[in-house]
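Descriptive structure summary
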Number of protein chains: 2
Amino acid sequence: MDGIGRAAVEAERVLARSSGESRNQALRAIAAALRSNQAQILAANARDLKAGEAGGLSNAALDRLMLDDARIEGMARAVEEVIALPDPVGTIAAEWVRPNGMRIQRVRVPLGVIGIIYESRPNVTCDAGALCLKSGNAAILRCGSESQHSSAAIHACMAEGLREVGLPETCVQLVPTTDRAAVGCMLAGMTDYIDVIVPRGGKSLIARVQQEARVPVIGHLEGNCHVYVDGAADLNMARAIVLNAKMRRTGICGAAETLLVDAAAARTHLAPIVKDLLDAGCEVRGDARVAQVDRRVRLATAADWSTEYLDAIIAAKVVDGVDEAIEHIRRYGSAHTESIVTEDPMAAEKFLTRVDSAIVLHNASTQFADGGEFGMGAEIGISTDKFHARGPVGVEQLTSYKYVVRGSGQVRR
Amino acid sequence: MDGIGRAAVEAERVLARSSGESRNQALRAIAAALRSNQAQILAANARDLKAGEAGGLSNAALDRLMLDDARIEGMARAVEEVIALPDPVGTIAAEWVRPNGMRIQRVRVPLGVIGIIYESRPNVTCDAGALCLKSGNAAILRCGSESQHSSAAIHACMAEGLREVGLPETCVQLVPTTDRAAVGCMLAGMTDYIDVIVPRGGKSLIARVQQEARVPVIGHLEGNCHVYVDGAADLNMARAIVLNAKMRRTGICGAAETLLVDAAAARTHLAPIVKDLLDAGCEVRGDARVAQVDRRVRLATAADWSTEYLDAIIAAKVVDGVDEAIEHIRRYGSAHTESIVTEDPMAAEKFLTRVDSAIVLHNASTQFADGGEFGMGAEIGISTDKFHARGPVGVEQLTSYKYVVRGSGQVRR
């Protein structure tokens, strides 16, 4: 691992001096290599799938692991989308002149070496590697053992692309999964080499990272997202937003997990919204007042308010106005994404100001919690941290800055 | 400590809802309380000084600890300077509209609860507390035991000011120094309460924080700052900048610690620059070529290149152009602040681009490494981290942000 760390720092130095165009050329070569090595990637993936079946992986896990022509093409296209993003490195975030004539610029620079620890989905190899490369960072990737052959085949395409344009292959390194101590080493033993760790995985990985990491972490905790339907909500809009926020895709972190309905709208709005959800195949776990509106509603338990289902299940509760909604979100939420539906601008502003989540929306679906939907391009995840990066983590969030000061002989008094 | 943590989180919520004007009112009341309680502060300081003398504190440490009328007035004025800063909370850092009509704003919000662990100088109690309050954060302060009575007296003024304007006293809490376990607890046991730790102190504190902290840290490592005099430097400018960078104040983190002179200018520039330093009372520790120009130069040892003297001592070396200067800084520097003196724009751009320090200057003194000199107002320190905040850490760097999205019923396809 020491050798990997040193190589990453060497690669970082080369990247720091590389042009955005040369990094884009590498990405173009990587996209081409993914397409031309499709057969090798599929063969490697077949080995992983076979081992996964033998090892008793769930169908959902096998589906996340599975690659086919379309998914490989999707990876190549994702790389091309990253190419199309503006180059964050060297951009001037702010600029001003001091009274003594010194011109100060805050200039974006890469963070350095980014360690990414991830599970099952092999495409993260490519997505994360491409985002790091675009932003001038060296990447040290550690995939889950279940995707080891697929990830290695994808990584080989990245190495091929880098080689082709004359950048060091070590700009993106894949740690061998045979090294069982590698995760612990990345978290705590490579502080001289790794500048930041990005974990992509389930609760046990996140818990381990929080416990062990001795380097900064860009964390992606759960998304226990809320939609609050205010008393002054337009009924049709509320129905459309709640159904979309919950059911468009239930497995993403921006999917709504709890519905809060203002008591003032309970008589008019609650029944149709709940019926929409039930009819769409969603299980509704409601408090006593919600349970009254439809016999298909199950009674919620205390645990439901804190649960990220990532499934066609929603917790539902009647609250006494925007204040109780805010208090409920403060108590049970994960500070990811919450939405208020209302025609009352005062209630909206109160909600947007007081709810302390990475993303707060007024009259829009929580499913917009996504870097692409924000117009920020591809993302490495949604940060629920407040430190460094909050919300979608795209190429800009993978940079730091430095101050460049141009003078004409100024000395300080 | 649990009670302190809970109180801080409660105070943070009140602060999150407070107006910038009410926080400024509190700061005004604090400045007034510092002035009206001068006698009590001086009496408390006398107890600390007596204990410090008995305990064998060095004269430098006693001087840092000592307060007098002028220093208390300086604290009050520093609070007033913080009042004059623009309110960072609620400002819109970016704003854009998506093709679907959603308006997205990135809005600054407080980080939450900031823990500050500091040594000797009692004025940090007031400076750090004021910056946290201005930026809407609750503060948990832990001073060194040597300043306990002074810090308590200053903290009492802050509590008085907060009380006067109806904000919770717990917005700024001082941890009793009698609790020996408090530092460890702040670093690792209060992750539910503390959002970020700012250590202000010597190497042993910094090392402990890096070892133990389980929350994000805004670090302030050493400033082993360099001035590189290029072959194309204007001699008079180089003399003025080197002398100022080293000797204006030797004890600040932006003071130059190593002088690098281009071999191309060694014959013309080296002797007068070295003579200026020696004549000003600076000890010069040079390599063999530097030692040739003046018999007062001592020969440098390997350790000199890595040493932050914070004293009237400078290491000096002849290098072979800007490339060797950059390589020397990469190897020995602390990524704080470095300056190039040259009339050659190509050499300047190479240095400014390749040197990976928080602050890089062209034709200006390293002593400008200061939030006030940058026009950013008072600072809590200079960060040598790349994560979250780099360079001067002022009120803006004590904030996070959230995304506020305003729609008109948008759902995601």
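As the structure is a computational prediction, the values presented were derived from the model and not from experiment. (Residues numbered from 1 in each chain as written. Chains lettered and ligands numbered in written order. Predicted model: local features only at pLDDT ≥ 70, side-chain atom pairs only at ≥ 80, totals over all residues.)

Points about the overall build of chain A
Put simply, the test is: Runs of E in the DSSP output that reach at least two residues are strands. Runs of H or I that reach at least four are helices, and both are numbered from the N terminus. Computation of the radius of gyration draws on C-alpha atoms alone. For the globule rule, the value is 2.2 Å times the number of residues to the power 0.38. Field definition: a residue is buried when 20 or more other C-beta atoms are found within 10 Å of its C-beta, exposed when 12 or fewer are, and partly exposed for counts in between, with C-beta atoms placed from the backbone. Here, residues touch in the contact sense if the C-beta positions derived from the backbone fall within 7 Å of one another.
When helices and strands are counted, chain A shows 14 helices and 16 strands. Taken over C-alpha atoms, the radius of gyration comes to 24 Å for chain A, in line with the 22 Å a tight globule of 413 residues would show. Counting only C-alpha atoms and orienting by the principal axes, one finds that chain A spans roughly 70 × 65 × 35 Å. Burial analysis of chain A (413 residues in total) assigns 54% to the buried set. Taking as baseline every contact in chain A between residues at least 6 positions apart, the subset at least 24 positions apart corresponds to 73%.

Description of the relation of the copies chain B and chain A
Stated formally: Overlaid copies result from least-squares superposition on C-alpha atoms, with residues included only where pLDDT is at least 70 in both.
Relative to chain A, chain B is turned by 180° and slid 0.0 Å along the rotation axis, the superposed coordinates differing by an RMSD of 0.0 Å. On this basis, the relationship between the two copies can be described by a two-fold rotation axis. By C-alpha distance to the rotation axis, the residue of chain B lying nearest is His-388 of chain B, at 1.9 Å.

Overview of the sheet that holds strand 7 (residues 225–229) of chain A
What counts is decided by this rule: By the convention used here, strands pair only if DSSP detects at least 2 bridges between them. Every angle, taken between N-to-C directions, lies between 0 and 180 degrees, and every axis is a line fitted to C-alpha atoms, over only the stretch in contact when it is a helix.
The strand order 10(A)-9(A)-11(A)-8(A)-7(A)-12(A)-13(A)-16(B)-2(B)-1(B) describes an open sheet built from 10 strands, whose pairing is mixed. Looking at strand neighbours, the two that pair on one side only are strand 10 (298–299) of chain A together with strand 1 (92–97) of chain B, the edges of this open sheet. Bridge count between strand 9 (residues 283–286) of chain A and strand 11 (residues 313–319) of chain A: four bridges; the pairing is parallel. Its bridge partner lying in strand 11 of chain A, Gly-286 of chain A is registered against Ala-316 of chain A. Contacts between helix 13 (residues 321–332) of chain A and the sheet are confined to strand 7, strand 8 (256–262), strand 11 and strand 12 (337–341) of chain A, with strand 11 of chain A contributing the most and set at about 135° to the helix.

Things to note about the domain arrangement of chain A
What counts here: Either an automatic procedure or a domain database provided the assignment from which the domain bounds are taken.
As assigned here, chain A comprises domain 1 (2–218 + 393–406) and domain 2 (225–373). Averaged C-alpha coordinates put domain 1 of chain A and domain 2 of chain A at centres separated by 35 Å.

A few points about the sheet that holds strand 7 (residues 225–229) of chain B
Here we have 10 strands laid out as an open sheet, ordered 1(A)-2(A)-16(A)-13(B)-12(B)-7(B)-8(B)-11(B)-9(B)-10(B), and mixed in their pairing. Among the strands making up the open sheet, the edge pair consists of strand 1 (92–97) of chain A together with strand 10 (298–299) of chain B. Taken together, the four bridges between strand 12 (residues 337–341) of chain B and strand 13 (residues 359–364) of chain B define a ladder with parallel strand orientation. Residue pairing in the sheet places Ile-340 of chain B in a bridge with His-362 of chain B of strand 13 of chain B. Its contacts with the sheet place helix 13 (residues 321–332) of chain B against strand 7, strand 8 (256–262), strand 11 (313–319) and strand 12 of chain B, and it is angled at close to 135° to strand 11 of chain B.

Here's the deal with the nonpolar core
Among soluble globular proteins, nonpolar side chains are generally buried collectively. For the record, the criterion: A set of buried residues drawn from Ala, Val, Leu, Ile, Met, Phe, Trp, Tyr and Cys, joined through C-beta atoms within 7 Å, is what defines a nonpolar core.
One finds Ile-30, Ile-197, Val-229 and Phe-351 of chain A to be the most contacted residues of the largest nonpolar core, which totals 130 residues. One finds Ala-44, Val-82, Leu-111 and Ile-140 of chain B within the second-largest nonpolar core, a separate group that totals 66 residues.

Brief notes about the environment of Val-113 of chain A
Residues and elements named next belong to chain A. Along the chain, Val-113 falls in strand 3 (residues 113–118). By C-beta crowding, Val-113 is classed as buried, having 26 other C-beta atoms within 10 Å. Sequence separation of Val-113 and Thr-301 is 188 residues, and the distance between their C-alpha atoms is 44 Å.

Structural notes on the packing of helix 2 (residues 20–36) of chain B against helix 7 (residues 148–164) of chain B
All names here are of chain B. Rules: Any angle between 65 and 115 degrees counts as roughly perpendicular, while under 35 counts as roughly parallel, over 145 as roughly antiparallel, and the rest as oblique. Here is the rule for handedness: rotate from the far helix to the near one, and if that takes an anticlockwise turn smaller than a right angle the crossing is left-handed, while a clockwise turn gives right-handed. All residues other than Ala, Val, Leu, Ile, Met, Phe, Trp, Tyr, Cys, Pro, Asp, Glu, Lys and Arg, Gly among them, are scored as polar; the first ten of these are nonpolar and the last four charged.
Close contact between helix 2 and helix 7 brings their axes to 8 Å; oriented N to C, the two are set at 135°. In terms of orientation, helix 2 and helix 7 fall into the oblique class. The handedness of the crossing between helix 2 and helix 7 comes out as right-handed. Touching Ala-26, Ala-29, Ile-30, Ala-33 and Leu-34 of helix 2 are Cys-157, Met-158, Glu-160, Gly-161, Leu-162 and Glu-164, all from helix 7. Taken together, the residues of the contact of helix 2 with helix 7 break down into eight nonpolar, one polar and two charged.

Thoughts on the interface of chain B and chain A
Taken residue by residue, the interface counts 52 residues in chain B and 52 residues in chain A. Of all the elements, strand 16 (residues 399–410) of chain B adds the most residues to the side of chain B that touches chain A, at 11 residues. Tallied by class, the residues present in the side of chain B that touches chain A amount to 25 nonpolar, 15 polar and 12 charged. Bridge count between strand 13 (residues 359–364) of chain A and strand 16 of chain B: five bridges; the pairing is parallel. Its bridge partner lying in strand 16 of chain B, Val-360 of chain A is registered against Val-404 of chain B.

Considering the pairing of strand 1 of chain A
Residue and element names in this part refer to chain A. For strand 1, the buried fraction is low: zero of the six residues fall into the buried class. Where strand 1 meets strand 2 (residues 103–110), five bridges bridge the pair, whose relative direction is antiparallel. Across the sheet, Trp-96 pairs through a bridge with Ile-104, a residue of strand 2. Hairpin connection of strand 1 to strand 2: five residues between the antiparallel strands, including Gly-101 at a positive phi of 95°.

As for unusual backbone geometry
Even without being glycine, Asn-363 of chain A reaches a positive phi, approximately 55°. Topologically, Asn-363 of chain A is positioned in strand 13. Phi at Ala-335 of chain B is positive, roughly 60°, even though this residue is not glycine. Within the secondary structure, Ala-335 of chain B is located in the loop between helix 13 and strand 12. Judged by local crowding, Ala-335 of chain B falls into the buried class, with 20 C-beta atoms found within 10 Å.

As for the environment of Pro-88 of chain A
All names here are of chain A. Relative to the helices and strands, Pro-88 is located in the loop between helix 5 (69–84) and strand 1. The spacing of Pro-88 and Ala-288 is 200 residues in sequence and 51 Å in space, taken between C-alpha atoms. Apart from the residues within four sequence positions on either side, Pro-88 is in contact with Arg-108, Ser-135, Val-395, Glu-396 and Thr-399.

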